[in-house]
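Read off the chains here:
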Amino acid sequence: MDTLFTLAVTAVVIVLIFDYTNGFHDAANIIGTIIASRAMTPIQSVIIVGTFEFLGPILGGTAVANTIGKFITIGDVPPHLSLTIVLCGIWGAIFWNMATWWYGIPSSSSHALVGGLIGAVVVSAGSQNVIWGFSELAQGKFTGFFKILLSLIISPVLGFWAGYFIHRGMRWLLRNEEPSANRWLKRFQFVTAAGLAFSHGANDAQKSMGIITLVLVLGGFVDKFVVPGWVIMSCAVAITLGILSGGWRIVRTVGFGIYKVRPLHALDTQLTSGTLILAASVFGAPVSTTHVVSSAIMGIGSSERPKAVRWAKAKEIVSTWLITIPGSALVAILTYYLVRMITG
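Residues numbered from 1 in each chain as written. Predicted model: local features only at pLDDT ≥ 70, side-chain atom pairs only at ≥ 80, totals over all residues. Heavy atoms only, no water.

A. Just the overall build of the chain, in detail. Across its full length, the chain carries 13 helices and zero strands. Going from the N terminus to the C terminus, the chain shows its helices and strands as α-α-α-α-α-α-α-α-α-α-α-α-α. Going through the 344 residues of the chain one by one, you find that 57% of them count as buried. Put simply, of all contacts in the chain between residues at least 6 apart along the chain, 85% involve residues at least 24 apart. (Helix = DSSP H or I, 4+ residues; strand = E, 2+ residues; numbered from the N terminus. Buried < 20%, exposed > 50% of the residue type's maximum accessible area, 1.4 Å probe, protein only. Contact = heavy atoms within 4.5 Å.)

B. The packing of aromatic side chains, seen in detail. Taken as a whole and judged by the stated rule, the model has 11 aromatic pairs. Pairing Phe5 with Phe221 gives two aromatic rings, centres 6.3 Å apart and planes at 70°, and the pair type is edge-to-face. One end of the pair, Phe5, is in helix α1 (residues 2–36); the other, Phe221, is in the loop between α8 (181–218) and α9 (229–245), with 216 residues separating them in the sequence. Looking at Phe5, the relative accessible area reads 48%, which means it is partly exposed. Summarising the aromatic geometry, the rings of Phe142 and Phe146 are spaced 6.2 Å apart at their centres and angled 20° between planes, so their arrangement reads as stacked. Above the face of the Trp172 ring, Arg175 is positioned so that its terminal group lies 4.1 Å from the ring centre. Positioned above the aromatic ring of Trp184 is the side chain of Arg187, whose terminal nitrogen or guanidinium carbon lies 4.8 Å from the ring centre. (Phe/Tyr/Trp six-rings, centres within 6.5 Å; stacked < 30°, edge-to-face > 60°. Lys NZ or Arg CZ within 6 Å of the ring centre and 35° of its normal.)

C. The arrangement of a nonpolar patch on the surface in detail. A surface patch of nonpolar side chains, about 720 Å² in accessible area, is lined by Tyr20, Phe52, Leu55, Ile58, Leu59, Met233, Val237, Leu241 and Leu244. For the nonpolar patch, the secondary-structure elements that each account for two or more residues are α2 (42–59) and α9. Residue placement: Leu241 occurs in helix α9. Note on Leu241: relative accessible area 44%, which makes it partly exposed. (Patch = residues over 30% accessible without salt bridge, like charges linked within 9 Å, V, L, I, M, F, W, Y side chains within 5 Å. Areas by Shrake-Rupley, 256 points an atom, 1.4 Å probe, with all protein chains shown as cover. Salt bridge = Lys/Arg side-chain N within 4 Å of Asp/Glu carboxyl O.)

D. Molecular detail of the environment of Trp132. Tracing the sequence through the fold places Trp132 in the loop between α5 (109–124) and α6 (134–137). The spacing of Trp132 and Gly144 is 12 residues in sequence and 5.4 Å in space, taken between C-alpha atoms. Look past the residues within four positions of Trp132 in its chain and what remains in contact with it is Ile118, Val122, Ser127, Thr143, Gly144, Phe145 and Phe146.

E. Structural context of a positive patch on the surface. Positive charge collects at one region of the surface, where Lys260, Arg262, Arg305 and Arg310 lie side by side. If you trace the backbone, Arg310 turns up in the loop between α12 (289–304) and α13 (311–343). (Lys, Arg positive; Asp, Glu negative; His and termini not counted. Charge placed at Lys NZ, Arg CZ, Asp CG, Glu CD.)

F. Expanded view of the nonpolar core. Ranked by size, the top nonpolar core spans 51 residues in total, and within it Phe71, Ile72, Ile74, Val86, Ile90, Leu113 and Ile211 carry the most contacts. Sorting the residues of this core by element identifies α1, α3 (63–69), α4 (79–102), α5, α7 (144–173), α8, α9 and α13 as the ones contributing at least two each. If you look at the next biggest cluster of nonpolar residues, it comprises 25 residues, including Ile31, Ile258, Val293 and Met298. (Core = buried A, V, L, I, M, F, W, Y, C linked by side-chain atoms within 4.5 Å.)

G. Representation of the packing of α2 against α9 within the structure. For the pair α2 and α9, interaxial distance at closest approach is 8 Å and the crossing angle is 160°. Relative to α9, the element α2 is oriented roughly antiparallel. In terms of crossing hand, the pair formed by α2 and α9 is right-handed. Residues Val46, Val49, Gly50, Glu53, Phe54, Pro57 and Ile58 of α2 lie in contact with α9, whose contacting residues are Ile232, Met233, Ala236, Val237, Ile239, Thr240, Ile243 and Leu244. (Axes fitted to C-alpha atoms, helices over the stretch in contact; angles between N-to-C directions. Parallel < 35°, antiparallel > 145°, perpendicular 65-115°, else oblique. Left-handed = near helix turned anticlockwise from the far one by under 90°.)

H. Representation of unusual backbone geometry. Notably, Arg38 is not glycine yet its phi reads approximately 60°, a positive angle. With respect to the secondary-structure elements, Arg38 resides in the loop between α1 and α2.

I. Main features of the packing of α7 against helix α11 (residues 263–282). One can describe the packing of α7 onto α11 by two numbers: an axis separation of 9 Å at closest approach and a directional angle of 135°. One way to sum up the angle between α7 and α11 is to call them oblique. Between α7 and α11 lies a crossing whose hand is right-handed. Across the interface between the two elements, Ser155, Leu158, Gly159, Ala162, Gly163, Ile166, His167, Met170 and Arg171 from α7 touch Leu264, His265, Leu267, Asp268, Leu271, Thr272 and Leu276 from α11. For the contact of α7 with α11, the class distribution of residues is eight nonpolar, six polar and two charged. (Nonpolar A, V, L, I, M, F, W, Y, C, P; charged D, E, K, R; others polar.)

J. Representation of the environment of Ala125. Its place among the elements puts Ala125 in the loop between α5 and α6. Looking at Ala125, the relative accessible area reads 19%, which means it is buried. Sequence separation between Ala125 and Ser107 is 18 residues; the distance between their C-alpha atoms is 28 Å. Dropping the residues within four chain positions of it, Ala125 is found in contact with Ile74, Val77 and Ile85.

K. Looking closely at the confidence of the model for the chain. Mean pLDDT for the chain: 87, with 95% of residues reaching 70 or above. At the level of individual helices and strands, the chain shows its lowest average pLDDT in helix α10 (residues 248–257), which scores 54, and its highest in α11, which scores 93. (pLDDT = per-residue confidence, 0-100.)

L. Structural detail: α11. For α11, spanning 20 residues, the distance from its first C-alpha to its last is 29 Å, which sits close to the expected 28 Å at 1.5 Å a residue. For α11, the tally of buried residues reaches 14 of 20 residues, placing the bulk of the element in the interior. Positive backbone phi, at 75°, marks Gly284, one or two positions downstream of α11. (Expected span 1.5 Å × (residues − 1).)

And the structure:
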């Protein structure tokens, strides 16, 4: 029991570290357009974003946590092994987050988490322990890995086209305005940036909440999958601290590397992204803030000056998206084999 408790505590700590790196990694997605458009000072942006990022997990429900925490089924695996599997999967996600941060490439923490868990589960317990959701699709049900994958694929497409049409509409509404209107556009970003931060906290922190609750169930510390209050609070604190630490390497890519962002572009990006991510949270669909924000910027740039969009950088980002799930899965697999060699 002592060993099991130690494993569970270690798993919770590792998940909270992942939650921190998630916030650290995604800070640029929220702050990048604010800084690029000069709507706020860095200190102002951190205060606004940090406050609403913290409120997101507390007030955003647990629908996404239920989706993430239930797409793998390793309850029939011995507790010590099941917790080790989760640890290896989370480590795969953390490694990928830090590697892409180091190179300043916006990638998806959601993809990394899903890939890491799938890699660790498949290599240790077998593919039958992943709820793939493809057979349930024939019955009209969206569940398991398919639901997660569908959310991650559709969200950037929606982000692109929503950004495209919202920006077109906003430009038409402001067609007769003087340049002084930029002052108001910057002020409105205090609202839209807060909304984006809230939606990010509501969606992304729930992924960690779901994994910690899964750990508690696997270890026999709770009887059923219900997210405890202390888990919600812990994940809210961890992701907020990550946001406050900032992923400034990626700010340059999001704010300057895809399209030249001005106040209207920033406002439209935040409005588009915040609305889509919050809607996904309500329906229990885990999405990537990185995907949605980057795609929204591309859509906004395409609606105005397609040739000015830095498509080379966009291709680099898309390439990273495509390799994140297999890449993090590979790290988790190697980690599992290393642990098995050490522990026997």
